[in-house]
Each structure stands twice: as structure tokens, then as C-alpha cells.
Amino acid sequence: MNVDEEWMQHAFQLAKKSKEHDEVPVGAIVVYEDEIIGKGWNQPILSHDPTAHAEMMALKNAGEKIGNYRLPKSTMYVTLEPCVMCAGAIVHARIARLVYAVDDEKTGACGSVFNVVQTDKLNHRVRIEKGVLEKECRTLIQDFFKEKR
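It should be emphasised that the depicted structure is a prediction, and the values quoted were computed from it without experimental measurement.

What counts and what doesn't
Residues numbered from 1 in each chain as written. Predicted model: local features only at pLDDT ≥ 70, side-chain atom pairs only at ≥ 80, totals over all residues. Heavy atoms only, no water. Phe/Tyr/Trp six-rings, centres within 6.5 Å; stacked < 30°, edge-to-face > 60°. Buried < 20%, exposed > 50% of the residue type's maximum accessible area, 1.4 Å probe, protein only. Pairing = 2+ DSSP bridges. Helix = DSSP H or I, 4+ residues; strand = E, 2+ residues; numbered from the N terminus. Axes fitted to C-alpha atoms, helices over the stretch in contact; angles between N-to-C directions. Contact = heavy atoms within 4.5 Å. Core = buried A, V, L, I, M, F, W, Y, C linked by side-chain atoms within 4.5 Å. Salt bridge = Lys/Arg side-chain N within 4 Å of Asp/Glu carboxyl O. Parallel < 35°, antiparallel > 145°, perpendicular 65-115°, else oblique. Nonpolar A, V, L, I, M, F, W, Y, C, P; charged D, E, K, R; others polar.

### Quick look at the packing of aromatic side chains
Turning to step 1, where the next piece is worked out: By the definition in use, this model includes one aromatic pair.
Turning to step 2, where the next piece is worked out: Seen from their ring centres, Phe 144 and Phe 145 are 5.1 Å apart, and the 80° between their planes marks the pair as edge-to-face.
Turning to step 3, where the next piece is worked out: Exposure remark for Phe 144: the relative accessible area of 5% places this residue in the buried category.

### Some thoughts on the sheet that holds strand 2 (residues 35-41)
Turning to step 1, where the next piece is worked out: The five strands are arranged 2-1-3-4-5 in an open sheet whose pairing can be described as mixed. Each edge of the sheet is formed by a strand with only one pairing partner; in this case those strands are strand 2 and strand 5 (127-130). Geometrically, the sheet is characterised by an average inter-axis angle of 15° between neighbouring strands, direction not taken into account.
Turning to step 2, where the next piece is worked out: Relative to strand 3 (residues 75-80), strand 1 (residues 27-32) is paired through four bridges, and the arrangement is antiparallel. When the bridges of strand 3 are listed, Val 30 appears paired with Met 76.
Turning to step 3, where the next piece is worked out: The strands touched by helix 1 (residues 3-20) within the sheet are strand 1, strand 2, strand 3 and strand 4 (97-102), with strand 1 carrying the most contacts at an inclination of about 145°.

### What about the environment of Ala 109?
Turning to step 1, where the next piece is worked out: As for its placement among the helices and strands, Ala 109 is situated in the loop between strand 4 and strand 5.
Turning to step 2, where the next piece is worked out: Here the alpha-carbon distance between Ala 109 and Ala 87, two residues 22 residues apart in the chain, equals 6.2 Å.
Turning to step 3, where the next piece is worked out: Residues in contact with Ala 109, not counting those within four places in the same chain, are Glu 81, Pro 82, Cys 83, Val 84, Ala 87, Phe 114, Asn 115, Val 116 and Val 117.

### Considering the nonpolar core
Side chains of a nonpolar character, in soluble globular proteins, are inclined to be buried together.
Turning to step 1, where the next piece is worked out: In terms of nonpolar packing, the biggest core is built from 44 residues, with Val 30, Leu 59 and Ile 95 touching the most fellow members.
Turning to step 2, where the next piece is worked out: Elements supplying a minimum of two residues to this core: helix 1, strand 1, strand 2, helix 3 (54-66), strand 3, helix 4 (84-92), strand 4 and helix 5 (134-148).
Turning to step 3, where the next piece is worked out: Among the elements that take part in this core, helix 1 stands out by supplying six residues, more than any other.
Turning to step 4, where the next piece is worked out: Non-local contacts of Val 30, meaning those with residues more than four positions away in its chain, are made with Glu 35, Ile 36, Ile 37, Gly 38, Ala 58, Leu 59, Ala 62, Leu 71, Ser 74, Thr 75, Met 76 and Ile 95.

### Some remarks on the pattern of salt bridges
Where charged atoms from two side chains of opposite charge approach closely, those side chains can pair.
Turning to step 1, where the next piece is worked out: What the rule picks out here adds up to six salt bridges.
Turning to step 2, where the next piece is worked out: The salt bridge involving Lys 19 is made with Glu 147; its shortest N-O contact spans 3.3 Å. One end of the pair, Lys 19, is in helix 1; the other, Glu 147, is in helix 5, and 128 residues separate them in sequence.

### A word on the packing of helix 1 against helix 5
Between two packed helices, the angle of one axis relative to the other and the distance separating the axes together describe the packing.
Turning to step 1, where the next piece is worked out: Where helix 1 meets helix 5, the axes come as close as 11 Å, and the angle between the chain directions of the two elements is 5°. What the angle tells us is that helix 1 and helix 5 run roughly parallel. Judged by residue contacts, Phe 12, Ala 15, Lys 16 and Lys 19 of helix 1 engage Glu 136, Cys 137, Leu 140, Asp 143, Phe 144 and Glu 147 from helix 5.
Turning to step 2, where the next piece is worked out: Taken together, the residues that form the contact of helix 1 with helix 5 break down as five nonpolar, no polar and five charged.

Next up, the structure:
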């Protein structure tokens, strides 16, 4: 198992926590200098907050931990490709690198539908790695929606 897979395992465990709370199973962490500085899992239903996506929660947690809203030289690991809202926040936080597991062909904003994190129209671009633990994360999401139907 490589380093990205090890970190993604942490995000995957948080995604499972989302599922336990009947939320779409997405988990995210922010890593800086080989330490998790932020964690988040989807909780918009539980918190009655449409912005409470895993990525937003992880960014908020990381910012609080380091005392800054900017997170340069950090890497975010997330189990599903971020949406437009989350991608915008990732850019504003100056995340250096984004690693995600599963493309989101309906709302993905990191290459699938849009590419907010790499557009030259904004003042910051994020390096992307995708497909890390894709099978496990895809299965978790697909199983969640199969159970809903």
C-alpha cells in the first residue's frame, strides 16, 4: 500500500461514518507535513446545513487547528470528486494537491463536469490525483444508493 492509499483509508473510514448517519458516504481529510490536520464527513442532513459536505468540514477543521484559512502545502484526500462548492473552497484554501477516489459524472468539479481546481481563470490551481482506492469507495457509494431504492 502506498502513502496515498494509506491516507485515503482514513477518508474511507470517515465515509463509513457518513453512511452510519444515513448521509451520502463521503469522507475527507487534510494532510500537512505527514499529519492529519483536518477531518470531515458528509453531514448536511444531520446538521441541516447544505454546506456540510465532507470537504468543507475537513477544511474548517484544518483551519481551526492551524489558526489560518489558508492551507498551502497541504493535500486533501476525499472519497468522491468534489462538487463546485467544495472545489471553490479548496482553491480558496490554497490546497496544493487533491487526491480523490471516485469521479462524480453528475456534479464533479475537478475534471468530470467542470474543472474549477485547475482553471486558469482563478489565481490558484490544484494538482489532482484520482482513482486512489476507487473500487472500495465506489462500492460504498453504490451500495448506499442501492439500499435507498
